[in-house]
Structure formats: C-alpha cells, structure tokens
Amino acid sequence: MTVSFQINGSTCRYSGDPMTPLVDVLRNERFLTGTKAVCREGFCGACTVHVDGEAVMSCLQPVGLLDGASVTSIEAMSTGDGPLHPLQAAFEAADAVQCGMCFPGMVMSLSHFLRDNAGASRADVKAAMVGNICRCTGYERIIDAVMGVISGARADG
C-alpha cells in the first residue's frame, strides 16, 4: 500500500505495510529521531506527535490511515538556530529535562493542551499530563515550566 501525507510540511510517500506504526516511519524512514519509541503500547506518551492538529501516540497510529494527513513532530517545534518553542524554552529554564526520553512527547502533548487552555490551572496541567510518563522527575518542574508559559501568555495577552 502507498500513502502520501505531510510530515513537518514536507510530502512523505510511504509504500509498505499499512499497519507500520507512524513512529517507525518517522524514525527509520525519515530519520526524525526526536520522536521516541519507548513502550510501543500507547502507555508512556514519549512518541506523541500531532496528526491534523490532534495529539496522538505515533506508536499506535498505523501509517496506512494517514493518506492526506498532516503530521507534526517535535523537530518542527523549533528550527535550526531559530528560537525554541516557548514550552521547550520553559522546560530548559525550569531544568525539567533529565534523560530526555519523555521530553518530546511532553512538549507535543502539552503544546496541544495549551493551544486550547491558555488559562489553565496547575490542576488542569496535572490532568493534561496523564498519558505521559517521566521516570526521572517528580513532575513538579515540568508543571512549573508549563505554568511559566501560561503566566507569560497571561502577562502578554
């Protein structure tokens, strides 16, 4: 089966098993290794990407269902020497990243959440993190980083 879809604005044509997980196409075919393949069961959230603007776990997304879709991976959140996405910068400032395995999925999940919840509370952020596992932190620095982005948005907007 051949499918054609966009990845970070570039056309991707994939010919092969339609049940191949999107995470494998990203990492093995497109060499976009920012998306992490950790649990491969939809449990940890490390492989989260945006498909047509929605946060999805790419380990559970068969590539055969993506014909005509638009996929955004962590690599599109900032470009080269350009500025980091505000959430990436906040994670860095809050020293929220340790091993880095959960970071891409957290950024993708939480950026999607913030798109529609610019005035979220700390409890809202905690609830939004369900589905993203981090084994290195106690989550507080991650929540602090997200709250910093929210506070900045309130101050600017």
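Residues numbered from 1 in each chain as written. Predicted model: local features only at pLDDT ≥ 70, side-chain atom pairs only at ≥ 80, totals over all residues. Heavy atoms only, no water.

J.: Could you clarify how one ought to interpret the domain arrangement of the chain in this entry?
T.: Reports of interface size often rely on the accessible area that becomes lost once the parts have come together. In terms of domains, the chain is made up of domain 1 (2-75) and domain 2 (86-151). Domain 1 and domain 2 are separated by 22 Å when their C-alpha centres are compared. Across the boundary between the two partners, domain 1 contributes 17 residues, which contact 15 residues of domain 2. Taken over both partners, the interface formed by domain 1 and domain 2 buries close to 1200 Å², and the fraction arising from carbon and sulfur atoms is 62%. Salt-bridge contacts for E54 lead to R115; the nearest nitrogen and oxygen are separated by 3.9 Å. Inspection of the domain 1/domain 2 interface yields eight residue pairs in polar contact (both at pLDDT 80 or more). Grouping the amino acids of the side of domain 1 that touches domain 2 by side-chain chemistry returns eight nonpolar, seven polar and two charged. (Domains from an automatic or database assignment. Contact = heavy atoms within 4.5 Å. Buried area = accessible area lost by both parts, 1.4 Å probe. Salt bridge = Lys/Arg side-chain N within 4 Å of Asp/Glu carboxyl O. Polar contact = N/O pair within 3.5 Å; in protein donor to acceptor, adjacent residues only side chain to side chain. Nonpolar A, V, L, I, M, F, W, Y, C, P; charged D, E, K, R; others polar.)

J.: What is the right way to read the environment of A128 from this model?
T.: Within the secondary structure, A128 sits in helix 4 (residues 122-128). By relative accessible area, A128 is classed as partly exposed at 24%. Note: C-alpha distance between A128 and M106 (22 residues apart in sequence) is 9.9 Å. Every residue in contact with A128, bar those within four places of it in the chain, is listed here: L110 and F113. (Helix = DSSP H or I, 4+ residues; strand = E, 2+ residues; numbered from the N terminus. Buried < 20%, exposed > 50% of the residue type's maximum accessible area, 1.4 Å probe, protein only.)

J.: What is the right way to read the pattern of salt bridges from this model?
T.: Oppositely charged side chains are able to pair whenever their charged atoms sit close together. This model, assessed by the stated rule, comprises six salt bridges. A salt bridge links R40 to D24; the nearest nitrogen and oxygen atoms lie 2.7 Å apart. Here R40, found in the loop between helix 1 (22-29) and strand 3 (48-51), pairs with D24, found in helix 1; they are 16 residues apart in sequence, far enough to count as distant. A relative accessible area of 43% places R40 in the partly exposed class. According to the relative accessible area criterion, D24 is buried, its value standing at 17%. Between R115 and D116 there is a salt bridge; the shortest N-O distance is 3.4 Å. Assessed through its relative accessible area of 54%, D116 is described here as exposed.

J.: Looking at this structure, how should I read helix 2 (residues 86-93)?
T.: Every α-helix winds through 3.6 residues per turn, so residues three or four apart in the chain are directed the same way. Those residues of helix 2 lying buried are L87, Q88, A90 and F91. Looking straight down helix 2, one finds its buried side chains confined to an arc of 160 degrees; they lie on one side. Those residues of helix 2 that are exposed and angled more than 90 degrees off the buried face are P86, E92 and A93. Phi for D95, located one or two positions after helix 2, is positive at around 55 degrees. (Arc of directions from axis to C-beta.)

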